Amino acid sequence: MILRAANLSLPGRLFDASVEIGEGELVCLVGPNGSGKTSLLHALAGIGAPSGEVTMAGVDPRRLGPSQRPGFLTYLPATRDVPWPLLARDLIALGGGHADFPALELATLLDRRIDTLSTGERSRMLIARALAPRPRLLLLDEPTANLDPLWQIRLMELVREEIAMDGRAALVAIHDLDAAARHADRILVMDRGRIAAEGLDGPHLADIFGIERVDGLWQPVRLPADPRSSP
Amino acid sequence: MTVRTSILLMLALGAAFAASALLPFESLQTLFAEDRTLALSLLVELRLPRALLALAYGATLGAAGAAVQALFANPLASPDLTGTTSGAALGAVVTAYLFGFAAPVALSVGSVLGALGALGLLLALAGPRAETATLLLAGLAISALAGALTTLALALAPSPFAFYDAYDWLMGSLIDRSLDQAGFAALPALATIALLLRLGPALDRLALGEEVAQSLGNDVARLRLQIICLTAFGVGACVAICGAIGFIGLIAPIFARRLTRGHPGRAILPAALIGALLLTAADLVTRLAPLGRTLPIGVVTALIGAPFFLWLVAHMRWRLAS
């Protein structure tokens, strides 16, 4: 086990969530808007004031200071806004690592200011910032947002390669159910601040998301036709 | 900041300090020839406190400006535009009525409390990561309120002398302060800058965004409280002795960040040096400008700073539009 978290709560947003993540595991977190995916990532990363316990290698990483914490976990927020116009290279250095990810093709972007990059370029740069300290656990909120289809696949494959080294792991919040099914070892489904189910097979999907698979495409769940309204 | 730029900055600062203590030179030379003791006491009791105050106040404004800009993630935040100096001035004027202008400890405490109140109000009004418009509006409102209350206090002055004392002091002045008074500003200033420097790395990480900074192990709420208390303490102590001086806290950090590749936290030290340099230079202008009398230093910094501020606003608008 890389991480054990029990009884994580944030008043009104996350209720009593418990998670265990094993070495080398890529776990995807899915759920409707407002179901608590980001809150769970926050609770694990020590953002805000969550209650509950988190243990990694015998310590609570949320008690570690800036010199040690990035070795345990890093967090990529869903927003791609950086409040201060730093050079891309400096942004990665401030996160506590080096940008040696050939797969992300950053070389020509490193000496540009982060606010002059396109949204997709900025996304790749911020992902590099989160990967760079080579943490045991990656907490990624919508890492594929703003990326084109090719980059979405490349990125998830890079995450897979990264965590395959030295027994690391990733917890990835993602909206795209097909991407989750394709890349994850396990899928946790969140609903109304709780971890409601595991996996995408079963009747819970229609209840939680209000969608179902019809002829290979996701469709809104149709209520059974009312016999009185039919001609 | 490279070693070469730091050495150049220190040399410029040393030259400015020497110039500020020795110029105008002819009068000092004549006096030395006539009466050595008098000349020495003039140097120690008049010129030295003034040069020291310019150094300490300028450095505090520069460092505090850099820290506040980093905290609010906004290059337009500064102790004067956010109402901190007005709050400090109000605190000092109210205290002065109670204890007189010759009570530096009470004056400093009143001034620091005023600055703390203004910064607390700003945080409550504008929020921790304020948009430029919200930040400036809140700062404007606080400055206006503190200004109105200061004017009210002046209108209720117990005597015309008290009124003139307060008015003179409000214009911002480094003149006729004793070495003791200079110490009352310089020691808190030094402590503030030293403590702010220790927060530099955390402020740099805050530039990645508040959530990321927290996930990297920074206690952002505590950092915010530390910056606010330190800024109020340093600026308040200087305002208590010299009155409100504007624009240095806005300009110095902007130049300083050009030396730190835009890092807001690393810019605290160069901002302190540049602030000290700017205020010393402004003080030299007040003395050497051929107007037949000494200009109030607050007027000089405003005359130089206001056009720069206008340029900055136009520049930001242009950048947002493009």
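The following paragraphs examine the structure supplied in this document. (Residues numbered from 1 in each chain as written. Chains lettered and ligands numbered in written order. Predicted model: local features only at pLDDT ≥ 70, side-chain atom pairs only at ≥ 80, totals over all residues.)

With that out of the way, let us pick up the overall build of chain B. A tally of helices and strands in chain B yields 14 helices and zero strands. Along chain B, helices and strands appear, N-terminal first, in the series α-α-α-α-α-α-α-α-α-α-α-α-α-α. At 20 Å, chain B has a C-alpha radius of gyration in line with the 20 Å of a compact globule built from 322 residues. Here chain B holds 322 residues, and the buried ones make up 49% of them. (Helix = DSSP H or I, 4+ residues; strand = E, 2+ residues; numbered from the N terminus. Rg over C-alpha atoms; globule rule 2.2 N^0.38 Å. Buried ≥ 20, exposed ≤ 12 C-beta atoms within 10 Å, placed from the backbone.)

Let us now look at the overall build of chain A. Helix and strand counts for chain A come out as seven helices and 11 strands. Compactness check: chain A gives a C-alpha radius of gyration of 19 Å against a globular reference of 17 Å for 231 residues, within 12% of the reference. Seen through its principal axes, chain A has C-alpha atoms that stretch 70 × 40 × 30 Å. Burial statistics for chain A: of 231 residues in total, 44% are counted as buried. Within chain A, contacts between residues at least 6 apart in sequence are counted, and of these 65% link residues at least 24 apart. (Contact = placed C-beta atoms within 7 Å.)

Moving on, we get to helix H13 (residues 268-288) of chain B. Here H13(B) spans 30 Å end to end across 21 residues, near enough to the 30 Å set by a 1.5 Å rise per residue. Within H13(B), 16 of the 21 residues are buried, which leaves the element mostly enclosed by the surrounding structure. (Expected span 1.5 Å × (residues − 1).)

Moving on, we get to the packing of helix H3 (residues 36-72) of chain B against helix H12 (residues 248-256) of chain B. Residues and elements named next belong to chain B. Their axes nearest at 7 Å, the elements H3 and H12 cross at an angle of 70°. Taken together, H3 and H12 sit at an angle that is classed as roughly perpendicular. For H3 against H12, the interelement crossing comes out right-handed. Packed against H3, whose contacting residues are Gly58, Leu61, Gly62, Ala64, Gly65, Ala66 and Gln69, the element H12 presents Ile248, Gly249, Leu250, Ala252, Pro253 and Ala256 at the interface. Residues of the contact of H3 with H12, tallied by class, amount to eight nonpolar, five polar and no charged. (Axes fitted to C-alpha atoms, helices over the stretch in contact; angles between N-to-C directions. Parallel < 35°, antiparallel > 145°, perpendicular 65-115°, else oblique. Left-handed = near helix turned anticlockwise from the far one by under 90°. Nonpolar A, V, L, I, M, F, W, Y, C, P; charged D, E, K, R; others polar.)

Right, let's talk about the nonpolar core for a bit. In terms of nonpolar packing, the biggest core is built from 162 residues, with A:Leu137, B:Tyr57, B:Ala67 and B:Ala185 touching the most fellow members. The dominant element in this core, judged by the number of residues it contributes, is H3(B), at 17 residues. When sequence neighbours within four positions are dropped, the list of residues in contact with B:Ala67 reads B:Leu196, B:Leu199, B:Leu203, B:Ile227, B:Thr231 and B:Ile268. (Core = buried A, V, L, I, M, F, W, Y, C linked by C-beta atoms within 7 Å.)

Attention now goes to the pairing of strand E1 (residues 3-10) of chain A. Along a regular strand, successive side chains alternate from one face of the sheet to the other. Residue and element names in this part refer to chain A. Taken together, the five bridges between E1 and strand E2 (residues 14-21) define a ladder with antiparallel strand orientation. Within E2, the position partnered with Leu3 by the bridge is Ile21. In this antiparallel pair of consecutive strands, E1 and E2, the connection spans three residues, and Gly12 shows a positive phi of 80°. Pairing of E1 with strand E4 (residues 51-55), which is carried by four bridges, proceeds in the antiparallel orientation. Counterpart to Arg4 in the pairing with E4 is Thr55. (Pairing = 2+ DSSP bridges.)

This brings us to the interface of chain A and chain B. Taken together, the contacts link 22 residues of chain A with 18 residues of chain B. Listed by contribution, the elements that provide at least two residues to the side of chain A that touches chain B are helix H2 (69-72), strand E5 (73-76) and helix H3 (88-94) of chain A. It is H3(A) that contributes the most residues to the side of chain A that touches chain B, three residues altogether. Residue classes in the side of chain A that touches chain B are distributed as 15 nonpolar, five polar and two charged.

Residues and elements named next belong to chain A. Within the open sheet, the three strands sit side by side as E2-E1-E4. Their pairing is antiparallel. Of all strands in the sheet, those with a lone pairing partner are E2 and E4, marking the two edges. Each strand axis lies, on average, 10° off the axis of its neighbour in the sheet, ignoring direction. On top of the sheet, helix H1 (residues 37-45) reaches E1, E2 and E4; it is set at about 115° to E1, its chief contact.

This part covers the sheet that holds strand E7 (residues 169-173) of chain A. Residues and elements named next belong to chain A. Read across the sheet, six strands follow the order E5-E6-E7-E3-E8-E9 without closing on themselves; strand pairing throughout is mixed. The open sheet is flanked by E5 and strand E9 (194-198), the only strands paired with a single partner. Taking each pair of neighbouring strands and ignoring which way they run, the sheet shows an average axis angle of 20°. Two strands pair when backbone bridges link them, and strand E3 (residues 26-30) and strand E8 (residues 186-191) are joined in this way by four bridges, in the parallel orientation. What sits directly across from Val30, in E8, is Val189. Together, E3, E5, strand E6 (137-141), E7 and E8 form the strand contacts of H1, whose direction differs from that of E6 by roughly 150°.

Moving on, we get to the packing of helix H5 (residues 104-126) of chain B against helix H11 (residues 220-242) of chain B. Residues and elements named next belong to chain B. As a packed pair, H5 and H11 sit with axes 7 Å apart at the nearest point and diverge in direction by 135°. Between H5 and H11, the angle falls in the class oblique. Handedness of the H5/H11 crossing: right-handed. Contact residues: Pro104, Leu107, Ser108, Ser111, Val112, Gly114, Ala115, Leu116, Leu119 and Leu123 in H5; Ile228, Thr231, Ala232, Phe233, Val235, Gly236, Ala237, Val239, Ala240 and Ile241 in H11. Each residue belonging to the contact of H5 with H11 can be placed in one class, and the counts come to 15 nonpolar, five polar and no charged.

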